[in-house]
Amino acid sequence: MITPPKVCIHSDVFLEHLFHSEEKPSTLRLAMKKFFCYTTVFNAIELFSIAETQKEIQKIDDAMSAMKLLGLNAKNSKRYGTLLAENGTMQRFNLLIAGLCLESKLPIITSRPKEFRNVEHLHIIPASFVRKFETAEEILKASRK
């Protein structure tokens with residue numbers, strides 16, 4: 001069995017799946033069929049901070065239960081300090097998420113690629129590519145152009 005490529009799923013893809021998905025299947029479900037998906041502790045914190053009811057908390061828990069959660073390793077604090085210094089205007093959660101993606105060598109799937117464009121060496125996959133292309137390989141190739 002061939003292991004699918006690994007990616008990190010950003011909060012916006014979860015939110016679309018949980019609350020705003022007009023198209024079925026959602027981008028998150030499609031990504032999970034094509035990739036081995038991760039998310040970060042910072043995405044989890046962000047999502048749980050938005051939840052207003054126990055039902056919403058459970059929906060977030062259920063969506064995240066099918067993937068691995070990346071956490072911060074203190075040994076890389078210098079790298080994160082550099083990221084913060086170089087990208088002072090960027091939202092801090094996004095910067096920490098980007099740092100975990102860099103640390104783990106994972107591309108990030110997001111509907112908001114502009115929020116990450118200044119992070120050097122971060123491979124950004126626009127969420128629209130997950131629906132547009134059939135395979136993970138096609139998605140990865142198109143997002144590198």
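Let me sum up the structure you'll find in this document.

Cut-off values and rules
Residues numbered from 1 in each chain as written. Predicted model: local features only at pLDDT ≥ 70, side-chain atom pairs only at ≥ 80, totals over all residues. Heavy atoms only, no water. Pairing = 2+ DSSP bridges. Helix = DSSP H or I, 4+ residues; strand = E, 2+ residues; numbered from the N terminus. Axes fitted to C-alpha atoms, helices over the stretch in contact; angles between N-to-C directions. Phe/Tyr/Trp six-rings, centres within 6.5 Å; stacked < 30°, edge-to-face > 60°. Buried < 20%, exposed > 50% of the residue type's maximum accessible area, 1.4 Å probe, protein only.

1. Details of the sheet that holds strand E3 (residues 68–70)
Okay, so step 1: With respect to topology, five strands assemble into an open sheet ordered E3-E2-E1-E4-E5, the strand pairing being parallel. Looking at which strands have only one partner, the edges of the open sheet turn out to be E3 and strand E5 (124–126). Averaged over all pairs of adjacent strands, the angle between their axes in this sheet comes to 40°, without regard to strand direction.
Okay, so step 2: Summarising the sheet, strand E4 (residues 108–110) and E5 pair through three bridges and their orientation is parallel. Opposite Ile 108, over in E5, you have Ile 124 as the bridge partner.

2. Some remarks on the packing of aromatic side chains
Ring pairs (aromatic) are described by centroid distance and by the angle formed between their planes.
Okay, so step 1: Counting across every chain of the model gives three aromatic pairs.
Okay, so step 2: Considering the side-chain rings of Phe 42 and Phe 93, the 6.1 Å spacing of their centres and the 45° angle between planes classify their relative orientation as tilted. With a gap of 51 residues between them, Phe 42 in helix H3 (residues 41–50) and Phe 93 in helix H6 (residues 92–104) connect regions that are remote in the sequence.
Okay, so step 3: On the accessibility criterion, Phe 93 (26% relative accessible area) is partly exposed.

3. Notes on the pairing of strand E2 (residues 36–40)
Okay, so step 1: With four of five residues buried, E2 is to be regarded as a mostly interior element.
Okay, so step 2: Inspection of the sheet shows strand E1 (residues 6–9) paired to E2 by three bridges, in the parallel sense. Bridging from a neighbouring strand, Val 7 pairs with Cys 37 of E2.
Okay, so step 3: As defined by bridge partners, E2 adjoins E3 across three bridges and the pair is classed as parallel. By the bridge assignment for E3, Thr 40 is matched with Leu 70.

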